Amino acid sequence: MMGAARFSLSRISGLEFWKLCGSGTGEGFTPAFNSGVFAILCVWPDERVARSRLREERLFRLYRNKACEHWTIYLAPVSARGAWSGVTPFAPAGPEWDGPLAALTRATLRPRHILRFWKRTPTISRVIGADPNVAFKIGIGEVPFLQQVTFSIWPNPETMAAFARAPDGPHAGAIRAVRDGGWFREELYARFRILDDSGSWRGERPLERLGPR
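Read on for an overview of the structure. This one's a predicted model, so the numbers in the text were calculated from it and none came from an experiment. (Residues numbered from 1 in each chain as written. Predicted model: local features only at pLDDT ≥ 70, side-chain atom pairs only at ≥ 80, totals over all residues. Heavy atoms only, no water.)

Looking now at the pattern of salt bridges. Applying the stated criterion to the full structure yields eight salt bridges. Between Glu47 and Arg51 there is a salt bridge whose closest N-O contact spans 2.9 Å. With a gap of four residues between them, Glu47 and Arg51 both fall in helix α2 (residues 47-56), about one helical turn apart. Arg51 gets classed as partly exposed once you look at its relative accessible area, which sits at 28%. Residue Arg51 pairs with Asp196 through a salt bridge whose shortest N-O separation is 2.7 Å. Remark: Asp196 occurs in strand β7 (residues 184-199) and Arg51 occurs in helix α2; sequence separation between them is 145 residues. One continuous salt-bridge network, built from bridges that share partners, spans Lys19, Arg106, Glu142 and Glu186. (Salt bridge = Lys/Arg side-chain N within 4 Å of Asp/Glu carboxyl O. Helix = DSSP H or I, 4+ residues; strand = E, 2+ residues; numbered from the N terminus. Buried < 20%, exposed > 50% of the residue type's maximum accessible area, 1.4 Å probe, protein only.)

The following block contains the structure:
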C-alpha cells in the first residue's frame with residue numbers, strides 16, 4: 001500500500017507536497033527497518049483542506065481501515081530553511097512561537113559518509129530517549145541509509161535548544177562533524193506549531209504529555 005500510494009497521492013486535489021517514509025526500530029533512530037510503522041507527510045494549503053482531504057479521500061480511509069492504529073498530527077510551520085528534493089515545501093507564517101512545537105530535520109547523505117553518520121546515531125538515540133522533555137520522537141526515511149528524517153515534539157523552543165546545542169552533547173558533536181566533513185548533499189530544518197491531533201500512538205496521546213496548549 002505504501003509503494004502504490006504515490007499514484008493516488010499525485011492526483012489528490014490540494015496536496016502540494018508529500019513524502020512516503022518507513023521507520024526504524026526502537027526509538028526509530030536506527031538503520032534497522034520497522035515493517036510495522038510507516039509515515040506519510042502531506043503539505044496542504046490550510047488546516048480546513050487538510051482535514052477535509054484526510055477524512056474524505058479513499059486512500060486515507062483505506063490506511064485507517066487496514067491499520068491497527070493510526071495517529072495524525074496537524075502542524076503549521078513557524079520556521080524553515082533548506083530544501084527537500086530540490087524544493088522548499090514549508091511556508092512559515094505568523095510570529096515566532098514560544099509554546100509546544102515539533103521539530104523536523106531531513107537530510108540526504110553523501111554515500112561515502114554513511115558509516116560515519118550511522119556510528120553516531122545510537123548515542124544520540126539514547127540521549128533523546130532519556131530526555132524527560134521530549135514528548136515524542138521517531139526516525140523515518142525515504143530511502144534506507146541515505147535519506148533520513150527525524151521528527152520530535154517538545155514543550156517549548158528552550159528545551160529543544162538545550163538538547164540540540166548542549167556543548168558536550170552527542171547532537172552538537174554530530175552537527176559539527178556534518179559541517180566540517182560535508183556529510184549532507186541536501187538538508188532541511190523546520191519547526192512547527194502544533195494545531196491538533198487525532199488517533200493514538202501505542203494506545204496513548206503523546207500530546208497530553210505537553211499539558212494544556
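Next comes the rest of the write-up.
Once that is clear, we can look at the nonpolar core. Leu41, Trp84, Phe90, Leu104, Phe136, Phe151 and Ile153 are the most contacted members of the largest nonpolar core, which totals 23 residues. Those elements that place two or more of their residues in this core are β1 (17-24), β2 (33-43), β4 (101-109), β5 (136-143), β6 (147-154) and β7. Per-element accounting of this core gives the leading share, four residues, to β7. Residues within four places of Ile153 in sequence aside, it is in contact with Trp71, Ile73, Leu101, Ala102, Asn133, Val134, Ala135, Phe136, Ile194, Leu207 and Leu210. Core analysis: the next-biggest nonpolar cluster, separate from the first, contains 14 residues, Met2, Ala5, Leu15 and Tyr74 among them. (Core = buried A, V, L, I, M, F, W, Y, C linked by side-chain atoms within 4.5 Å. Contact = heavy atoms within 4.5 Å.)

Glancing now at the sheet that holds β2. With antiparallel pairing, the seven strands of this open sheet are ordered in space as β2-β1-β5-β6-β4-β7-β3. Two strands in the sheet have a free side with no partner beyond their single neighbour: β2 and β3 (71-82). Here the average twist between neighbouring strands, direction ignored, is 30°. Summarising the sheet, β3 and β7 pair through eleven bridges and their orientation is antiparallel. The partner of Ala76 across the bridge, within β7, is Arg193. Each of β3 and β7 touches α2; the most contacted strand, β3, lies at about 140° to it. (Pairing = 2+ DSSP bridges. Axes fitted to C-alpha atoms, helices over the stretch in contact; angles between N-to-C directions.)

Turning our eyes to something else, we now look at the packing of aromatic side chains. Scanning the entire structure with this criterion turns up eight aromatic pairs. Seen from their ring centres, Trp71 and Trp201 are 6.4 Å apart, and the 50° between their planes marks the pair as tilted. With a gap of 130 residues between them, Trp71 in strand β3 and Trp201 in the segment after β7 connect regions that are remote in the sequence. In terms of burial, Trp71 and Trp201 fall into one category: buried. Here the aromatic rings of Phe136 and Trp201 are separated by 5.1 Å at their centres, their planes lie at 85°, and the arrangement is edge-to-face. Of this pair, Phe136 sits in strand β5 while Trp201 sits in the segment after β7; the two residues are 65 residues apart in sequence, bridging distant segments of the chain. For Trp201, a relative accessible area of 18% gives the class buried. Members of the aromatic cluster, each reached through a chain of ring pairs, are Trp71, Phe136, Phe151 and Trp201. One Lys or Arg, Arg51, reaches over the ring of Tyr74 and ends 4.2 Å from the middle of that ring. (Phe/Tyr/Trp six-rings, centres within 6.5 Å; stacked < 30°, edge-to-face > 60°. Lys NZ or Arg CZ within 6 Å of the ring centre and 35° of its normal.)

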